[in-house]
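One-letter residues, chain by chain:
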Amino acid sequence: MSVSGLKKQFHKASQLLNEKINGAEGTRLDEDFIKMERKINVTHKLVLELVPKTTEYLQPNPAYRARVGMLNTVSRLRGKVKSVSYPQTEGILGDCMLRYGRELGTDSTFGCVLVDFGEALKHIGHARDMLDIRVKTSFTDPLQCLQDSELKEIGYHLRKLEGRRLDFDYKKRRKGKLAALEIRKAHEKFEESRELAERSMHCFLENDVEQVHHLSALVEAMLDYHQQSCQILSDLRSTLQSRISSASSRPKREYTPKPVTNTMCYMEPNGFSNSLSFQSSGGCNSILDQPCCQALYSFNPENARELGFKEGDLITLTNQIDENWYEGMINGQSGFFPISYVQVLVPLPQ
């Protein structure tokens, strides 16, 4: 910065300090100018807050929003064109329904309905993605462009005007000590800046219909999204009603119990094999007239005194230790095992 420029900055600071501390009155601008400046300041604050608030409305989950922003930044740094989209909640719920509906299968009415519902939600999630794109293109991007161009230029003119006002008021206050030509030049620069700032604010405020068009585009995008969602849900309701009618008119299938015959080999301690046949009644028809039980679960012993076995094994009961443990024998080995792991077929004698 040159010496004259540094001196001018000092003069401006001196005038500002004099106004703030000593209450010196500077050159006042007319009411129309002040009113326009206030509207410009409100518009500036509005855009600064409206753009991020709109993004929060479209993408309410802050964690997902931050993650998508980070991934898109990394993609741009790597030179990738494709951007990562925000995971819509409708799509997440739809994926869950589709997964379990397909697992239940087409022979399940509930499974078919889950698939129908999941596909509908996926379509709504896609429509929400389109809403995001449309709002960004037709609303938030134009507002951001407005902030970066016209409002930024107006802010520059206003800051320059304030600087020239301070310079003019400082020189006017020192009238008699400074040349009249220097004061006149400062006044001319001040008037020039005032006119530029006033003209730019006037043009901006007179063209506010452009901002109304941006709001109209936001309304159109939201209306289109909700209309699509309404149509998708209406079609889904019709499909569900059809599924319900079809399921209600279908004759019920009666449950027919199937006889279960399970033949297992039991090895006696002497090495001879005997066959035990278990009927669906739950009884034990055996050539061995002795207490026995069948393992419901596999049991792995934790010490040498416990008896290990696998699910389905037949165990000879020899004693009940307490309310939680039996003593039994299998394959020539004896030991303790939990009562809850077996089903008694022939109880111990009382």
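Everything numeric in this text was worked out from a predicted model, so none of it was measured.

(A) Summary view of the overall build of the chain. Per the secondary structure count, the chain includes eight helices and eight strands. Residue burial in the chain is summarised as follows: out of 350 residues, 33% are buried. Of the contacts formed within the chain by residues at least 6 apart in sequence, a portion of 59% connects residues at least 24 apart. Of the roughly 23500 Å² of accessible surface on the chain, 54% is carried by carbon and sulfur atoms.

(B) Here's a closer look at the pattern of salt bridges. For the structure shown, the criterion picks out 13 salt bridges. A salt bridge links Arg165 to Asp169; its shortest N-O distance comes to 2.6 Å. Of this pair, Arg165 and Asp169 both sit in helix 6 (residues 150-173), separated by four residues, roughly a single helical turn. Judged by its relative accessible area of 4%, Asp169 is buried. Of the charged contacts in the structure, one is a salt bridge between Arg194 and Glu191, with a shortest N-O distance of 3.1 Å.

(C) Representation of the packing of aromatic side chains. If you walk through the whole model with that rule in mind, you get eight aromatic pairs. On the basis of an interplanar angle of 10 degrees and a centroid distance of 5.9 Å, the ring pair of Phe168 and Phe190 is categorised as stacked. Taken together, the residues span a long stretch of sequence, with Phe168 in helix 6 and Phe190 in helix 7 (residues 180-206) at a distance of 22 residues. For Arg128, the ring lying beneath its charged end belongs to Tyr57, and the centroid distance is 5.8 Å.

(D) Local environment of the sheet that holds strand 5 (residues 314-320). The five strands are arranged 7-6-5-4-8 in an open sheet whose pairing can be described as antiparallel. One side of each edge strand has no neighbouring strand; the edge strands of this open sheet are strand 7 (333-338) and strand 8 (342-346). With direction set aside, neighbouring strand axes in the sheet form an average angle of 40 degrees. With four bridges connecting them, strand 5 and strand 6 (residues 325-330) associate as antiparallel partners. Of the residues in strand 6, the one forming a bridge with Gln320 is Tyr326.

(E) Seen up close, the nonpolar core. In this structure, Val135 and Met201 are the most contacted members of the largest nonpolar core, which totals 33 residues. Every element with two or more residues in this core is listed here: helix 2 (31-58), helix 5 (109-148), helix 6, helix 7 and helix 8 (209-249). Among the elements that make up this core, the one with the highest residue count is helix 5 (ten residues). Residue contacts for Val135: discarding those within four places in its chain leaves Thr54, Leu58, Thr140, Leu218 and Ala221. Core analysis: the next-biggest nonpolar cluster, separate from the first, contains 13 residues, Cys293, Phe299, Ile315 and Ile330 among them.

(F) A look at helix 2. When the terminal C-alpha atoms of helix 2 are compared, their 40 Å separation across 28 residues agrees well with the 40 Å that a helix rising 1.5 Å per residue should span. On its buried face, helix 2 is in contact with helix 5, helix 6 and helix 7. Where helix 2 begins, one side-chain oxygen reaches toward the backbone nitrogen of Asp32, 3.1 Å away; that side chain belongs to Asp30.

(G) Local environment of unusual backbone geometry. Phi at Asn331 is positive, roughly 55 degrees, even though this residue is not glycine. Assignment of secondary structure puts Asn331 in the loop between strand 6 and strand 7.

(H) Focus on the environment of Asp141. Relative to the helices and strands, Asp141 is located in helix 5. C-alpha separation for the pair Asp141 and His214, spaced 73 residues apart in sequence, amounts to 9.8 Å.

Calculation criteria
Residues numbered from 1 in each chain as written. Predicted model: local features only at pLDDT ≥ 70, side-chain atom pairs only at ≥ 80, totals over all residues. Heavy atoms only, no water. Helix = DSSP H or I, 4+ residues; strand = E, 2+ residues; numbered from the N terminus. Buried < 20%, exposed > 50% of the residue type's maximum accessible area, 1.4 Å probe, protein only. Contact = heavy atoms within 4.5 Å. Areas by Shrake-Rupley, 256 points an atom, 1.4 Å probe, with all protein chains shown as cover. Salt bridge = Lys/Arg side-chain N within 4 Å of Asp/Glu carboxyl O. Phe/Tyr/Trp six-rings, centres within 6.5 Å; stacked < 30°, edge-to-face > 60°. Lys NZ or Arg CZ within 6 Å of the ring centre and 35° of its normal. Pairing = 2+ DSSP bridges. Axes fitted to C-alpha atoms, helices over the stretch in contact; angles between N-to-C directions. Core = buried A, V, L, I, M, F, W, Y, C linked by side-chain atoms within 4.5 Å. Expected span 1.5 Å × (residues − 1). Polar contact = N/O pair within 3.5 Å; in protein donor to acceptor, adjacent residues only side chain to side chain.

Geometry only, nothing functional implied.
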